[in-house]
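So the chains spell out like this:
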Amino acid sequence: MSEQAMTSPNKHPQGPLLVVGSGLAGWSVVREFRKLDTQTPVLMITADVGDFYAKPALSNALAQNKAPEQLVTTPAERMVSTLGVTLLQRTAVTSIDVQTQEVHTSKGTFGYRQLVLATGAQAIRLPLAGDAAQAVMSVNSLADYAAFRAQLKPQSRVLIMGAGLIGCEFANDLVLGEHTVQVVDPGASPLAALLPEPASAQLRQALTDLGVNWHWQTTVQAVHRQDNAYAVQLANGQELIVDVVLSSVGLRADTALAQSAGIATDRGVLVDAHLKTNAEHVYALGDNTQYASASVGGVARTLPFVMPIMNAAKALAQTLAGNPTAVVFPLMPVAVKTPTLPLVVSPPAPATQGTWQAAHEGIWHFVSDGKVRGFVLVGAQTSRRAEQSKLVLV
Ligand SMILES: Cc1cc2nc3c(=O)[nH]c(=O)nc-3n(C[C@H](O)[C@H](O)[C@H](O)COP(=O)(O)OP(=O)(O)OC[C@H]3O[C@@H](n4cnc5c(N)ncnc54)[C@H](O)[C@@H]3O)c2cc1C
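Just so you know, these numbers come straight off a predicted model, no measurement behind them.

## Describing the packing of helix H5 (residues 165–176) against helix H6 (residues 197–210)
Part 1 of the argument: Relative orientation of the contacting elements H5 and H6 amounts to 25 degrees, with a least axis distance of 10 Å. With respect to H6, the axis of H5 lies roughly parallel. Considering the relative orientation of H5 and H6, their crossing is left-handed. Residues Cys168, Ala171, Asn172 and Val175 of H5 touch H6, and the partners they reach there are Leu203, Leu207 and Leu210.

What follows is the structure, given as structure tokens:
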């Protein structure tokens, strides 16, 4: 029997393409789909309002004193009219029935001909002691940014948990916005997992010179209210008094909805090269997704960045429009938005054996068996991203 013959018939062949989530992944796949198909009804259901904004801007908008509404590049109503979609705002999909091809929401039940899960990721919340542990903030949406910005007064004292990409970007942005910044991290230097040690030391020095205060090899244990501020206890015994605590310790793919529907998940929703889950007519892309096309050593990977979403959206739109297309990810370097010392990072695949080697001033190559498998560009060398990308053996 052919694969086609074994697939179950579509229960709602005249139903909509239903997209859950209005982040970059949700809107990008709809935009790409509409270039190919202007007729099929599209229903987008989202827990937020559906305004289109560039999430990367959230970690470098404070210094420019950008209000949340200034970060909206296209309001939801304009997305709806331009793309010809029906949008259900502030509506959470609570469950999916993959047999009947229906999603359940607080506003009713909706059938789908094809379903795309673009539910993103959730900020990881570390268990902390103290009566103000719940006051720790994270910024992973425009609404989070609005709440965080509302907490900041002129020259606020801000403690950032985590010296990774987002922690360093916020540290740079907050200091430029004339706030006082303390960063707490269990490691020994910023972006330690991504950078060769000298580049990490250079970033550390640049941010120190700007005014960032670091607390290495320790963690936040407890957050207590103290007058109008917070007393933060570190594992090394120190106590820091701050006005705002921001956690940037990482994100976890939001797989709850898929999991409860019996769709295969691991560290994300598992999809094949066509971005299809193990459920008929159900696809996924974005921060919630673990891509077979990004496998290393047979293990699929999550790719929580903009470029993978753009690539996945183009391929998935083709598949949804009836032209099955596998996603192939090119090399996708990431720019670190620390204007005091900009960086471009193209790390080697996980578990690649090799060493970082200085190629030129400000250019590092990750070399494995004599081949370049990754690179880091520092400062002015970030302009050489296209040229350096050509050297990497993917
Ligand atoms: C501060 C910050 C800076 C970043 N900087 C960069 C950068 O410089 N470069 C880069 O490449 N990447 C960067 N990223 C990562 C990039 O922004 C993300 O990969 C991308 O925006 C994720 O888009 P998404 O659509 O998958 O998820 P999201 O934007 O999280 O969207 C998920 C959507 O799903 C909805 N949703 C979730 N559950 C439900 C439900 N049950 N029912 C209905 N709706 C639901 C949500 O409301 C939301 O609309 C950054 C991320 C952050 C947080």
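So much for the structure itself; the text now carries on.
## With respect to the sheet that holds strand E22 (residues 299–302)
The strands that make up a sheet are held in pairs by hydrogen bonds between backbone atoms, and each pair lies either parallel or antiparallel.
Part 1 of the argument: If you trace the three strands from one edge of the open sheet to the other, you get E19-E21-E22, paired in mixed fashion. One side of each edge strand has no neighbouring strand; the edge strands of this open sheet are strand E19 (269–271) and E22. Averaged over all neighbouring strand pairs, the angle between strand axes comes to 50 degrees, with direction disregarded.
Part 2 of the argument: One ladder, built from three bridges, connects E19 with strand E21 (residues 289–296); its direction is parallel. What sits directly across from leucine 270, in E21, is glutamine 290.

## Considering the nonpolar core
Part 1 of the argument: Of all hydrophobic cores here, the largest spans 53 residues; its most connected members are Ile160, Ala171, Val245, Leu343 and Val376.
Part 2 of the argument: It is H5 that provides the largest number of residues to this core, a total of seven residues.
Part 3 of the argument: Not counting the four nearest positions on each side in its chain, isoleucine 160 is found in contact with Gly167, Phe170, Ala171, Val181, Val183, Leu246 and Ser248.
Part 4 of the argument: Formed by 50 residues, the second largest nonpolar core is a distinct cluster that contains Val20, Leu257, Val282 and Tyr283.

## Quick word on the site of the ligand
Part 1 of the argument: The immediate surroundings of the ligand are formed by 36 residues, with Gly21, Gly23, Lys55, Gly120 and Gly286 found nearest.
Part 2 of the argument: Secondary structure elements with two or more residues in the shell around the ligand: helix H2 (24–36), helix H8 (306–320) and strand E23 (334–336).
Part 3 of the argument: Here the residues of the shell around the ligand sort into 21 nonpolar, ten polar and five charged.
Part 4 of the argument: Shared between two domains, the shell around the ligand takes at least three residues from each, and those domains are domain 1 (3–122 + 251–320) and domain 2 (125–247).

## Things to note about unusual backbone geometry
The phi angle of most residues is negative, glycine excepted, and most peptide bonds adopt the trans form.
Part 1 of the argument: Phi is positive for asparagine 65, close to 55 degrees, though the residue is something other than glycine.
Part 2 of the argument: Here asparagine 65 lies in the loop between strand E3 (52–53) and strand E4 (72–74).

## Quick word on the sheet that holds strand E6 (residues 93–97)
Part 1 of the argument: Overall, antiparallel pairing links the three strands, which are arranged E6-E7-E8 in an open sheet. In this open sheet, the two edge strands, each paired with only one partner strand, are E6 and strand E8 (108–111). Adjacent strand axes in the sheet meet at a mean angle of 20 degrees when their direction is disregarded.
Part 2 of the argument: As defined by bridge partners, strand E7 (residues 102–105) adjoins E8 across four bridges and the pair is classed as antiparallel. Within E8, the residue paired with glutamate 102 across the bridge is glycine 111.

## Quick notes on the domain arrangement of the protein chain
Part 1 of the argument: Domain boundaries in the protein chain define domain 1 (3–122 + 251–320), domain 2 (125–247) and domain 3 (342–389).
Part 2 of the argument: Domain 1 puts eleven residues into the contact, and the matching count from domain 2 is 15 residues.
Part 3 of the argument: Taken together, the residues that form the side of domain 1 that touches domain 2 break down as seven nonpolar, two polar and two charged.

About the thresholds
- Each residue is numbered by its place in its chain's sequence as written, counting from 1.
- In keeping with the model being predicted, local features are shown solely for residues with a pLDDT of at least 70 and side-chain atom pairs are shown and tallied solely at 80 or more, while totals for entire chains, interfaces and linings include all residues.
- Each axis is a line fitted through C-alpha atoms, and for a helix only the stretch in contact is used; angles between axes span 0 to 180 degrees, taken between their N-to-C directions.
- Comment: elements are numbered from the N terminus, with helices defined as DSSP H or I runs of at least four residues and strands as E runs of at least two.
- For this classification, under 35 degrees means roughly parallel, over 145 means roughly antiparallel, 65 to 115 means roughly perpendicular, and everything else is oblique.
- Working rule for handedness: look at the near helix, and if it is turned counterclockwise from the far one by less than a right angle, call the crossing left-handed; if clockwise, right-handed.
- Any residue pair is listed as a contact if its two C-beta atoms, each placed from the backbone, are within 7 Å.
- Between any two strands, pairing holds if DSSP finds at least two bridges.
- We define a nonpolar core as a collection of buried residues of the types Ala, Val, Leu, Ile, Met, Phe, Trp, Tyr and Cys that are connected via C-beta atoms lying within 7 Å of each other.
- Here exposure depends only on C-beta density: within 10 Å of a residue's C-beta, 20 or more other C-beta atoms make it buried, 12 or fewer make it exposed, and intermediate numbers make it partly exposed, the C-beta atoms being placed from the backbone.
- Throughout this description, a residue near a molecule or strand is one whose C-beta atom, derived from the backbone, lies within 6 Å of it.
- Residues are grouped as follows: nonpolar covers Ala, Val, Leu, Ile, Met, Phe, Trp, Tyr, Cys and Pro; charged covers Asp, Glu, Lys and Arg; every other residue, Gly included, is treated as polar.
- Domain start and stop positions are those given by an automatic or database domain assignment.

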